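Tertiary structure, described
This is what each chain is made of:
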Amino acid sequence: MSSCKEDDPRIDGIQSRIRVVPNFPKPGIMFQDITTVLLDPRAFKDTIDLFVERYKSKNITVVAGIEARGFIFGPPIALAIGAKFVPLRKPKKLPGKVIREEYDLEYGSDCLEMHVGAVEPEERALVVDDLIATGGTLCAAMNLLERAGAEVVECACVIEIPDLKGRDRLNGKPLFVLVESQ
């Protein structure tokens, strides 16, 4: 299990800014809202800094961000470590030729798409999202990148919901999280 050092004081600051919204987007879901982290410049910066500290020396060449909240965290990480950013989008949002991967969510199903040629064979990729629940979205992202020939080095999320066992679906791929949902 790969998670951030719990004794790092920045973690408490980040965790205290995450808002839990009951019954969103549907009854029974306890939505972990990171927009409140973004409202606190210190918590937002600490979030990015913790990821950058972990990945700056891992020779990552691609940071792939999952729509939509992976687009918030992925670009600043990519810039800081000198990698390109590749958006993994919902269907029909990217112009041109794409490859796609369908997957199951905690509360339904969806699909991710990536531009053909956005990732080259042998590139070292980091997948970034705000949260891992059942793991379906991260698995779809990894499948897209690996189909393009990239090596997925690790997945990184701000939040993990351990009770949903999404980590178990990653087939042993390392997962780094900052906060575990209570």
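Shown above is the structure to which this text applies.
Residues numbered from 1 in each chain as written. Predicted model: local features only at pLDDT ≥ 70, side-chain atom pairs only at ≥ 80, totals over all residues. Heavy atoms only, no water.

1. A few points about unusual backbone geometry
Note that the residue after F24, namely P25, is joined by a cis bond; omega there is 5°. Of note, P25 is situated in the loop between β2 (19–22) and β3 (30–33). Note that the residue after E67, namely A68, is joined by a cis bond; omega there is 0°. Looking at the secondary structure, you find A68 in the loop between β4 (62–66) and α4 (70–81). With a phi close to 55°, K165 is a non-glycine residue in the positive phi region. (Helix = DSSP H or I, 4+ residues; strand = E, 2+ residues; numbered from the N terminus.)

2. Section: the pairing of strand β9 (residues 151–160)
The element β9 is extensively covered by neighbouring structure, given that 9 of its 10 residues are classed as buried. Alignment of strand β8 (residues 124–132) against β9, held across 8 bridges, turns out to be parallel. Looking at β9, one finds that D129 is bridged to C157. Both β9 and strand β10 (residues 175–180) contribute to a ladder of 5 bridges, which runs parallel. Each bridged residue has a counterpart across the sheet, and for A156 the counterpart in β10 is F176. (Buried < 20%, exposed > 50% of the residue type's maximum accessible area, 1.4 Å probe, protein only. Pairing = 2+ DSSP bridges.)

3. Regarding helix α3 (residues 41–55)
A rise of 1.5 Å per residue sets the reference length of α3, with its 15 residues, at 21 Å; its end C-alpha atoms lie 21 Å apart and thus fit the reference within 8%. Listing the buried residues of α3 in full gives A43, D46, T47, I48, L50, F51, V52 and Y55. In the core, the buried residues of α3 are packed alongside α1 (9–17), α2 (35–38), α4, β8, β9 and β10. The residue sitting at the N-terminus of α3 and contributing the capping side-chain oxygen is D40; that oxygen lies 3.0 Å from the backbone nitrogen of R42. (Expected span 1.5 Å × (residues − 1). Contact = heavy atoms within 4.5 Å. Polar contact = N/O pair within 3.5 Å; in protein donor to acceptor, adjacent residues only side chain to side chain.)

4. What about the pattern of salt bridges?
Counted under the stated rule, the structure contains 17 salt bridges. Between D49 and K45 there is a salt bridge, and its shortest N-O distance comes to 2.6 Å. Placement of the pair is D49 and K45 together in helix α3, with a separation of 4 residues, close to one helical turn. Its relative accessible area of 21% is what places D49 among the partly exposed residues. Counted as one network, the salt bridges with shared partners bring together D8, R10 and E53. (Salt bridge = Lys/Arg side-chain N within 4 Å of Asp/Glu carboxyl O.)

5. Examining the packing of α1 against α3
The contact between α1 and α3 brings their axes to 9 Å, and the two run at 130°. Taken together, the axes of α1 and α3 lie oblique to each other. Helix-helix and strand crossings are classified by hand; for α1 and α3 the assignment is left-handed. Across the interface between the two elements, R10, I11, G13, I14 and R17 of α1 pack against A43, D46, T47, D49, L50 and E53 of α3. For the contact of α1 with α3, the residue count by class is 4 nonpolar, 2 polar and 5 charged. (Axes fitted to C-alpha atoms, helices over the stretch in contact; angles between N-to-C directions. Parallel < 35°, antiparallel > 145°, perpendicular 65-115°, else oblique. Left-handed = near helix turned anticlockwise from the far one by under 90°. Nonpolar A, V, L, I, M, F, W, Y, C, P; charged D, E, K, R; others polar.)

6. Let's talk about the packing of α3 against α4
Where α3 contacts α4, the two axes come as close as 9 Å, and the packing angle between them is 50°. With respect to α4, the element α3 is oriented oblique. Between α3 and α4 the crossing geometry is right-handed. Between α3 and α4, the residues in contact are F44, T47, I48, F51, V52 and Y55 and I72, F73, P76, I77, A80 and I81, respectively. Taken together, the residues of the contact of α3 with α4 break down into 11 nonpolar, 1 polar and no charged.

7. Here we look at helix α5 (residues 136–147)
For an α-helix, 3.6 residues make a turn, and residues three or four places apart therefore share a direction. With 12 residues, α5 extends 16 Å between its outermost C-alpha atoms, agreeing within 8% with the 16 Å of an ideal straight helix rising 1.5 Å per residue. Of all 12 residues in α5, 9 are buried; the element is thus mostly enclosed. For α5, every residue scored as buried is listed here: G136, T137, L138, C139, A140, A141, M142, L144 and L145. Looking one or two residues past α5, G149 carries a phi angle of roughly 100°, positive in sign.

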